[in-house]
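Understanding the architecture of this molecule
Here is how the chains run, residue by residue.
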Amino acid sequence: KAGVTQTPRYLIKTRGQQVTLSCSPISGHRSVSWYQQTPGQGLQFLFEYFSETQRNKGNFPGRFSGRQFSNSRSEMNVSTLELGDSALYLCASSPWTSTDTGELFFGEGSRLTVL
Amino acid sequence: AQKITQTQPGMFVQEKEAVTLDCTYDTSDPSYGLFWYKQPSSGEMIFLIYQGSYDQQNATEGRYSLNFQKARKSANLVISASQLGDSAMYFCAMREVNYGGSQGNLIFGKGTKLSVKP
């Protein structure tokens, strides 16, 4: 069974540009979450999607947005990039059933560098 | 507000020995879940073990066990018989309450970098 796939794995952008990151969840998983990881702030929750609807959102500015498609694949977009947006962006999927523990299955992340 | 604290930025352990990674949490919710994840240099977060707040027994998964002390609000990870491949960052996490329509996100600690010496 394929794991969570994130693309691209590495990318370099300049300030003011925008970026789109993609995440394909494990087959059958309907919930997708995004996290930002930086050395200073650690792992922080960005947003969660389920059945194409954003169900939960972290404390990030409106420059950060996301969406989920009918096949559960998800994308996140960051507009007007700032130096502080340099981070590892992790996507996680979950089956989200009544019996599971809520364990998240993570991808290897997309490492964004903003110059 | 819910919070996870990992007080050990880095730990060293000799191969084949056991090591305990500390984690304390703070929450006012009676229902919560606690997780430990391993993050090797590749970046992927690997799930290790889960403990529910109502679970009576400490969770175990192979060489991993969770020392759950509810009154002290601690959930320490114990790795037995350390292996070189255990060298990685380890994160303790807690799931927030399940708001209407949301599974609830994970709150992570800052992590502990474990180095296993041959």
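Structure shown above.
Let me sum up the structure you'll find in this document. Keep in mind that this is a model prediction, so the values were computed, not measured.

**Description of the overall build of chain B**
Summing up its helical and strand segments, chain B has 0 helices and 12 strands in all. Reading the helices (α) and strands (β) of chain B from amino to carboxyl end gives β-β-β-β-β-β-β-β-β-β-β-β. The C-alpha atoms of chain B give 14 Å as radius of gyration, which agrees with the globular expectation for 118 residues (13 Å, within 12%). In terms of principal-axis extent, the alpha carbons of chain B reach across some 50 × 30 × 25 Å. When burial is assessed residue by residue, chain B has 47% of its 118 residues classed as buried. Long-range pairs, those at least 24 residues apart, make up 55% of the contacts in chain B with a sequence separation of at least 6. Total accessible area on chain B stands at roughly 5700 Å², and carbon and sulfur atoms take up 50% of it. Averaging the coordinates of the 11 positive side-chain charges in chain B and doing the same for the 10 negative ones gives two points 4 Å apart.

**What about the state of the cysteines?**
By definition, a disulfide links two cysteine residues through a covalent bond between their sulfur atoms. Scanning the entire structure with this criterion turns up 2 disulfides over all chains. Note on cysteine connectivity: Cys-23 of chain A is disulfide-linked to Cys-91 of chain A, with sulfurs 1.8 Å apart. When the S-S torsion is -65°, as for the bridge of Cys-23 of chain A with Cys-91 of chain A, the disulfide is left-handed. Placement of Cys-23 of chain A in strand 3 (residues 19-24) and of Cys-91 of chain A in strand 9 (residues 87-94) is noted, with a sequence separation of 68 residues between them. Accessibility expressed as a relative area gives 0% for Cys-91 of chain A, which makes it buried. For Cys-23 of chain B, the disulfide goes to Cys-92 of chain B, at an S-S distance of 2.0 Å. Linking Cys-23 of chain B and Cys-92 of chain B, the disulfide has an S-S dihedral of approximately -60° and is accordingly described as left-handed. Here Cys-92 of chain B lies in strand 10 (residues 88-95) and Cys-23 of chain B lies in the loop between strand 3 (19-21) and strand 4 (24-26), a separation of 69 residues in the sequence. Just as Cys-23 of chain B is buried, Cys-92 of chain B falls in that class too.

**Observations concerning the packing of aromatic side chains**
By the definition in use, this model includes 14 aromatic pairs over all chains. Note on Tyr-35 of chain A and Phe-106 of chain A: the rings are 5.9 Å apart at their centroids and 55° apart in plane angle, and the pair reads as tilted. Remark: Phe-106 of chain A occurs in strand 10 (residues 105-106) and Tyr-35 of chain A occurs in strand 4 (residues 31-38); sequence separation between them is 71 residues. Side by side, Tyr-35 of chain A and Phe-106 of chain A carry an identical accessibility label, which is buried. A ring pair is formed by Tyr-37 of chain B and Phe-108 of chain B, whose centres lie 6.1 Å apart and whose planes are at 55°; its orientation type is tilted. Within this pair, whereas Tyr-37 of chain B is found in strand 5 (residues 33-39), its partner Phe-108 of chain B is found in strand 11 (residues 106-108), the two being separated by 71 residues in sequence. Grouping residues by exposure puts Tyr-37 of chain B and Phe-108 of chain B together as buried. Joined through ring pairs, the aromatic side chains of Tyr-35, Phe-45 and Phe-106 of chain A together with Phe-35, Tyr-37, Phe-47, Tyr-50, Phe-91 and Phe-108 of chain B make up one cluster.

**Quick word on the sheet that holds strand 8 (residues 74-78) of chain A**
Residue and element names in this part refer to chain A. Strands sit in the order 1-3-8-7 across an open sheet of 4 strands; the sheet is antiparallel. Two strands close off the open sheet at either side, each with one partner strand: strand 1 (5-7) and strand 7 (64-68). When strand polarity is set aside, the average angle formed by the axes of neighbouring strands in this sheet is 15°.

Analysis parameters
- Residues numbered from 1 in each chain as written.
- Chains lettered and ligands numbered in written order.
- Predicted model: local features only at pLDDT ≥ 70, side-chain atom pairs only at ≥ 80, totals over all residues.
- Heavy atoms only, no water.
- Helix = DSSP H or I, 4+ residues; strand = E, 2+ residues; numbered from the N terminus.
- Rg over C-alpha atoms; globule rule 2.2 N^0.38 Å.
- Buried < 20%, exposed > 50% of the residue type's maximum accessible area, 1.4 Å probe, protein only.
- Contact = heavy atoms within 4.5 Å.
- Areas by Shrake-Rupley, 256 points an atom, 1.4 Å probe, with all protein chains shown as cover.
- Lys, Arg positive; Asp, Glu negative; His and termini not counted.
- Charge placed at Lys NZ, Arg CZ, Asp CG, Glu CD.
- Disulfide = S-S within 2.5 Å.
- Phe/Tyr/Trp six-rings, centres within 6.5 Å; stacked < 30°, edge-to-face > 60°.
- Pairing = 2+ DSSP bridges.
- Axes fitted to C-alpha atoms, helices over the stretch in contact; angles between N-to-C directions.

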